[in-house]
Structure formats: C-alpha cells, structure tokens
Amino acid sequence: MKVNYYEDLALSENRVDVYYREQDAEIRGLMDYLETEQVIVGRKDQTAKRIYLREIYYLEIVDRHCFAYLDSEVFQIEYNLRLFLEKYSACGFVQIGKSLVVNLHRIDRIKPDLNMRMHLLMENGEELVLNRAYKKPFMECLKNVKEGKNEDH
C-alpha cells in the first residue's frame with residue numbers, strides 16, 4: 001500500500017482520504033482504526049472532556065443517564081444506548097445486556113459461565129457479564145471484528 005502525506009495550511013480542519021481498489025483486510029483495519037479516532041464529549045464535575053471512542057471500555061445506563069467507562073475514569077455522555085449503537089456499532093461496540101454496551105477492542109479474555117452466560121474480562125481489570133439473550137449477536141460481532149483484523153496480530 002502506498003501512503004502519501006501532504007501539509008496544506010489552507011485547510012480549515014484535518015482530512016484523511018482513503019482510496020482503494022479492493023476493500024481487503026488491510027483497508028478494513030485502517031477504516032476501523034480511523035472510525036475509533038472519532039471524538040465524543042463526556043462530562044464530569046461540571047467539566048467537559050473530549051473522549052476518543054477507542055478509550056471507552058464500556059457504556060452503562062444508570063438512572064436514565066449514559067456513562068462511558070474509561071481506563072480509570074467515568075464520564076456521563078449525551079447518548080442513549082440505541083442511538084450510540086446506531087452511530088458507532090461499526091467501531092466495535094455491541095450490546096451485552098439491557099443497559100450495557102461493550103467495546104470489543106477492549107476485551108482481554110472471555111470466560112464461559114453456567115446457564116450460557118459469559119464473563120468478559122476487560123483490559124482495565126473489570127469484569128462484565130454477557131447476558132445470554134445477547135450472546136448470539138455478540139459472538140457474530142466478535143467474529144466480524146476478528147475476521148477484519150490482520151492475521152499477523
């Protein structure tokens with residue numbers, strides 16, 4: 001793959017264009033990475049913070065408010081789970097419970113449990129439970145993410 005870099009001081013914002021002949025695993029991986037560079041705004045203690053999607057481990061609804069859990073911080077975001085998934089499911093986010101959405105790229109290990117449930121061990125040490133009602137769509141999304149990644153990783 002050939003990559004070119006151009007500096008243009010006249011641009012009002014940075015821009016990346018991707019041209020490809022075929023959408024192979026390398027291009028899909030690049031597209032997935034670029035999608036995770038998107039930013040949302042999180043609020044905590046009357047302050048706002050830019051949050052990259054790749055920083056989010058999971059989302060949870062508590063008392064009708066949506067919270068984004070990062071490595072060691074939690075921020076409230078202005079989304080509901082349905083809207084967030086509509087917009088960002090292609091970035092590796094999938095629902096695992098009635099009020100939980102997980103970032104597939106932040107799962108360290110998956111452990112099976114009784115009654116067809118599974119435990120998701122996150123990179124930050126937290127453990128989430130995959131509700132069995134969400135198991136089939138979760139496994140399909142996990143398979144799609146795995147197939148989209150480069151075989152060398």
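Data block above holds the structure.
To start, this report covers the structure provided alongside it.

Definitions and limits used
- Residues numbered from 1 in each chain as written.
- Predicted model: local features only at pLDDT ≥ 70, side-chain atom pairs only at ≥ 80, totals over all residues.
- Heavy atoms only, no water.
- Pairing = 2+ DSSP bridges.
- Helix = DSSP H or I, 4+ residues; strand = E, 2+ residues; numbered from the N terminus.
- Axes fitted to C-alpha atoms, helices over the stretch in contact; angles between N-to-C directions.
- 1 Å grid on protein atoms, 1.4 Å probe; cavity = no way out; pocket = protein on both sides within 12 Å on 5 of 7 lines; lining within 4 Å.
- Points joined across faces, edges and corners; volume = space filled by probe spheres on them.
- Nonpolar A, V, L, I, M, F, W, Y, C, P; charged D, E, K, R; others polar.
- Salt bridge = Lys/Arg side-chain N within 4 Å of Asp/Glu carboxyl O.
- Buried < 20%, exposed > 50% of the residue type's maximum accessible area, 1.4 Å probe, protein only.
- Contact = heavy atoms within 4.5 Å.

1. A short note on the sheet that holds strand S10 (residues 127-130)
Line of reasoning, step 1. One open sheet holds the three strands; their spatial order is S8-S9-S10, and the pairing between them is antiparallel. Each having just a single partner strand, strand S8 (107-112) and S10 make up the two edges of the open sheet. For this sheet, the mean inter-axis angle between neighbouring strands, taken without regard to orientation, is 25 degrees.
Line of reasoning, step 2. The sheet contact formed by S8 and strand S9 (residues 118-122) spans five bridges and is antiparallel. Looking at S9, one finds that Ile107 is bridged to Met122.

2. Thoughts on the layout of surface pockets
To find the voids left in a structure, one rolls a probe of water-molecule size over its atoms.
Line of reasoning, step 1. In this structure, the largest pocket occupies an estimated 840 Å³ of space.
Line of reasoning, step 2. Forming the boundary of the largest pocket are 23 residues, of which Val3, Asn4, Val16, Asp17 and Val18 lie nearest the centre.
Line of reasoning, step 3. In terms of residue class, the lining of the largest pocket is made up of twelve nonpolar, two polar and nine charged.

3. Quick notes on the pattern of salt bridges
Line of reasoning, step 1. The full count for this structure, using the stated rule, is five salt bridges.
Line of reasoning, step 2. Between Glu123 and Arg106 there is a salt bridge whose closest N-O contact spans 2.9 Å. Remark: Arg106 occurs in the loop between strand S7 (100-103) and S8 and Glu123 occurs in the loop between S9 and S10; sequence separation between them is 17 residues.
Line of reasoning, step 3. You can call Glu123 partly exposed: its relative accessible area is 42%.
Line of reasoning, step 4. Of the charged contacts in the structure, one is a salt bridge between Arg117 and Asp113, with a shortest N-O distance of 3.5 Å.

4. Digging into the sheet that holds strand S2 (residues 47-52)
Line of reasoning, step 1. Taken together, seven strands build an open sheet; the order of strands is S2-S1-S5-S4-S3-S7-S6 and the sheet is antiparallel. The open sheet has two edge strands with one neighbour each: S2 and strand S6 (93-97). Adjacent strand axes in the sheet meet at a mean angle of 35 degrees when their direction is disregarded.
Line of reasoning, step 2. When strand S1 (residues 39-44) meets strand S5 (residues 74-77), the two strands line up antiparallel, connected through two bridges. Directly across from Arg43, in S5, lies its bridge partner Gln76.

5. Brief notes about the environment of Leu120
Line of reasoning, step 1. With respect to the element layout, Leu120 can be found in strand S9.
Line of reasoning, step 2. Between the C-alpha atoms of Leu120 and Ile107, which are 13 residues apart in sequence, the distance is 6.5 Å.
Line of reasoning, step 3. Not counting the four nearest positions on each side in its chain, Leu120 is found in contact with Ile96, Val102, Ile107, Arg109, Ile110, Glu126, Glu127, Leu128, Leu130 and Phe138.

Just geometry here; none of it tells us what the structure is for.
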